[in-house]
Amino acid sequence: MTFDNAFGDLIAFFGGAGTLLIALGVIAFAGFLFRSIGQMFDNRGETFNEMPLIIASILALLLLAAISLLWSAVFGGRTALRVILLVFAGIAVAGWLFRYAGQMITDNAPFFRDMPYGVAFGYALGAAAVIGGVWLYLQENALFFRWAVQGFILFAIGAFLFRLLGRHLGTAGSKKLFRGMPLTASFGIYVILVYAILAIFAGIIAPHGQEEVFAKVNVLPGGDPALGGDPAYPLGTDQIGRDLLSRLIYGAQNTVGIAFATTCLAFFLGGSLGFLAATLGGWLDQVLSRAVDVLMAIPALIFALLLMTIASAWAGNQSWLLTIYMIVIIAVIDSTRVFRLARAVGINIVVMDYIEAAKLRGEGLSYLIFREILPNATAPLLAEFGLRFCFVFLTIASLSFLGVGIQPPLADWGTMVRDLAQFINFAAFSPLTAALPLLAAGAIALLTVAVNFVVDWMLHKSSGLKE
């Protein structure tokens, strides 16, 4: 390297550093002006007097960026950004007009008089969202959105009727439960019951077997021959001619059933060891807790994928053995989370007076765990069971999507998404073709949402909070 090149690089370095220092100085000066102006207009002066210069500089920078963005949108020809800003400005004005009109019409009623502007803006934003949804629903090319809205309405009606039926039929306890049940919880229980019926009676409900292959391949859903469908296959067929409706039903049996069994095993392992560690303490608690910390330090999905890859080599061509390996691997990994919860709940319970009284009576370890600790830890464990089931269910679907989960010829929703994912590319030309992978993906998403609705309701009930 010559002296001239080194000198030029030095000048360039100091030139770039000088530009950076000047920019930082301008930002700091803008922050100082922002804080000074705020102190002038703030009557109390509490907010701006105590504001550090770095916070004022950041706020000034964000304000300058917003002004620059607004200027470029209005005068720079960015149509999409301009439309978004105009829509939000219209919603802001509509929110103010809504509150003002409410105050005038109702003679300044407390509801509108005490309404913050943020709440009025929320009402206006909700009304705009409804209007936008109706407009999008009426568009000819919004096929998937119309399907989603229609499915949502059908399930909402089903959940309402299910809750209404539960309030009038059953025992006194079940009627009381349904009377205090929100619509989201009834929706979740309704969906879970539908999935359970499909999983249990899949062999009776499914029109064909999950392994049957037919001559017609890539039949589109809908059953309309003019659009590439077939009445014999309402949801179409895949690339090798298997009926998708039958595979969806059997997928509920395989995916949901295996996930439920895995979650039960995880709770048996994690709950038993967690209560044992909380009751005995000492070196056993330390050994189990440190082992759990080591397992939880490894990302769960990556660890499961690594172990399943090894198990695939051990299982060979025996798909049932690989399924057993998958259940054990996921159960052990998820039992660490259950262990942490069971141990934390158990530690809070073992110091209670009734536990000390049971110990003084000479009760054994099994009595303490199953008759004293477990009944008092049921509420948090049930809520965790629902959440853990969702995670296990999604993990199994993810492993199947990656090719190391449930193996063919068994039907599985994750495998169906992987096999049919290529048809997403035809969404712009043939929406029905692109709907094929969305069937299994929608089944996964619907069950996940339903279980979370039920878990939220259970957490609310166990917390003792009132509506």
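Since the model is a prediction, treat every value here as computed from it, not as a measurement.

(A) Spotlight on the side chain of R247. Following the sequence through the fold, R247 ends up in helix 11 (residues 244-280). There is no salt bridge for the buried R247, and the closest opposite charge comes from D238, which lies 4.4 Å off by N-O distance. Filtering out sequence-adjacent residues up to four positions away, R247 remains in contact with Q210, D238, R242, P409, L410, A411, D412, W413 and M416.

(B) Local environment of helix 9 (residues 183-200). Helix length check: helix 9 (18 residues) gives 26 Å between terminal C-alpha atoms against 26 Å at 1.5 Å per residue, within 8%. Considered for burial, the residues of helix 9 that qualify are A185, S186, F187, G188, V191, Y195 and A199.

(C) Representation of the nonpolar core within the structure. Counting residues in each nonpolar core, the largest one holds 46 residues, and the members touching the most others are M326, I396 and W413. Elements supplying a minimum of two residues to this core: helix 9, helix 11, helix 13 (300-315), helix 14 (319-350), helix 17 (378-401), helix 18 (413-420) and helix 19 (431-463). Once you skip the residues sitting within four places of it in the chain, W413 turns out to touch Y195, R247, L248, G251, A252, T255, V256, F393, A440, A443 and I444. Counting residues in hydrophobic clusters, the runner-up holds 12 residues, among them F267, F275, I369 and I373.

(D) Seen up close, the environment of G102. Within the secondary structure, G102 sits in helix 4 (residues 79-105). According to the relative accessible area criterion, G102 is buried, its value standing at 8%. Residues G102 and R113, spaced 11 residues apart in sequence, show a C-alpha to C-alpha distance of 8.4 Å.

(E) Geometry of helix 17. Over its 24 residues, helix 17 extends 34 Å from the first C-alpha to the last, a length consistent with the 34 Å expected when each residue adds 1.5 Å. Positive phi shows up at G403, right after helix 17, with a value of about 95°.

What counts as what
- Residues numbered from 1 in each chain as written.
- Predicted model: local features only at pLDDT ≥ 70, side-chain atom pairs only at ≥ 80, totals over all residues.
- Heavy atoms only, no water.
- Helix = DSSP H or I, 4+ residues; strand = E, 2+ residues; numbered from the N terminus.
- Buried < 20%, exposed > 50% of the residue type's maximum accessible area, 1.4 Å probe, protein only.
- Lys, Arg positive; Asp, Glu negative; His and termini not counted.
- Salt bridge = Lys/Arg side-chain N within 4 Å of Asp/Glu carboxyl O.
- Contact = heavy atoms within 4.5 Å.
- Expected span 1.5 Å × (residues − 1).
- Core = buried A, V, L, I, M, F, W, Y, C linked by side-chain atoms within 4.5 Å.

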